[in-house]
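# Topology and contacts: notes
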Amino acid sequence: MAADPNQKKVVVNFQSVANAPKLRQSKFKIGGNEKFAKVIEFLRRQIHQDTVFLYVNSAFSPNPDELIIDLYNVRPNALVTSLCPLQS
């Protein structure tokens, strides 16, 4: 499946909470029509853990089937994703 060259790229800003592992780079770009599951898998590989808990804007944990652009549109300008070691 070819990527749409006109799709909007969204910057995802990861913030570590409590004793969650810190990333060397905290901001990444991803296509807006990708599912949140792709963010989860990417982060699992980055921190070498099977289980991660992610919260958007420190408010809710989105369904893995949610589109990135829909989550971004909740609060345009930034998609801040908190990485937690334990489920809240």
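Everything numeric in this text was worked out from a predicted model, so none of it was measured.

This next bit is on the side chain of Asn 57. Following the sequence through the fold, Asn 57 ends up in the loop between β3 (53-56) and α2 (68-72). Owing to a relative accessible area of 16%, Asn 57 belongs among the buried residues under this scheme. Look past the residues within four positions of Asn 57 in its chain and what remains in contact with it is Val 74, Arg 75, Ala 78 and Val 80.

Here we come to the nonpolar core. Grouped together as the largest cluster of nonpolar side chains are 21 residues, with contacts concentrated most on Phe 14, Phe 36, Val 39, Leu 54, Ile 68, Leu 79 and Leu 83. Those elements that place two or more of their residues in this core are β1 (9-16), β2 (27-31), α1 (36-47), β3, α2 and β4 (79-84). Top contributing element to this core by residue count: α1, with five residues. Ignoring sequence-local partners within four residues, the contact set of Phe 14 consists of Leu 23, Ser 26, Phe 28, Val 39, Phe 42, Leu 43 and Thr 81.

Attention now goes to the environment of Phe 60. With respect to the helices and strands, Phe 60 occurs in the loop between β3 and α2. Taking the C-alpha atoms as reference, Phe 60 lies 19 Å from Ser 26; in sequence the two are 34 residues apart.

Strand order across the open sheet formed by four strands is β2-β1-β4-β3, with mixed pairing between neighbours. The open sheet terminates on both sides in strands that have one partner only, identified here as β2 and β3. On average, adjacent strands in this sheet sit at an angle of 35° to one another, irrespective of strand direction. Pairing geometry for β1 and β4, over five bridges, is parallel. If you follow Val 12 over to β4, its bridge partner there is Leu 79. Where α1 meets the sheet, its contacts fall on β1, β2, β3 and β4, and the angle it forms with β3 comes to roughly 130°.

The next point concerns the packing of aromatic side chains. Summed over all chains, the structure comprises two aromatic pairs. Here a set of aromatic residues connected by ring pairs shows up, and it is made of Phe 14, Phe 28 and Phe 42.

Quick notes on the rules
- Residues numbered from 1 in each chain as written.
- Predicted model: local features only at pLDDT ≥ 70, side-chain atom pairs only at ≥ 80, totals over all residues.
- Heavy atoms only, no water.
- Helix = DSSP H or I, 4+ residues; strand = E, 2+ residues; numbered from the N terminus.
- Buried < 20%, exposed > 50% of the residue type's maximum accessible area, 1.4 Å probe, protein only.
- Contact = heavy atoms within 4.5 Å.
- Core = buried A, V, L, I, M, F, W, Y, C linked by side-chain atoms within 4.5 Å.
- Pairing = 2+ DSSP bridges.
- Axes fitted to C-alpha atoms, helices over the stretch in contact; angles between N-to-C directions.
- Phe/Tyr/Trp six-rings, centres within 6.5 Å; stacked < 30°, edge-to-face > 60°.

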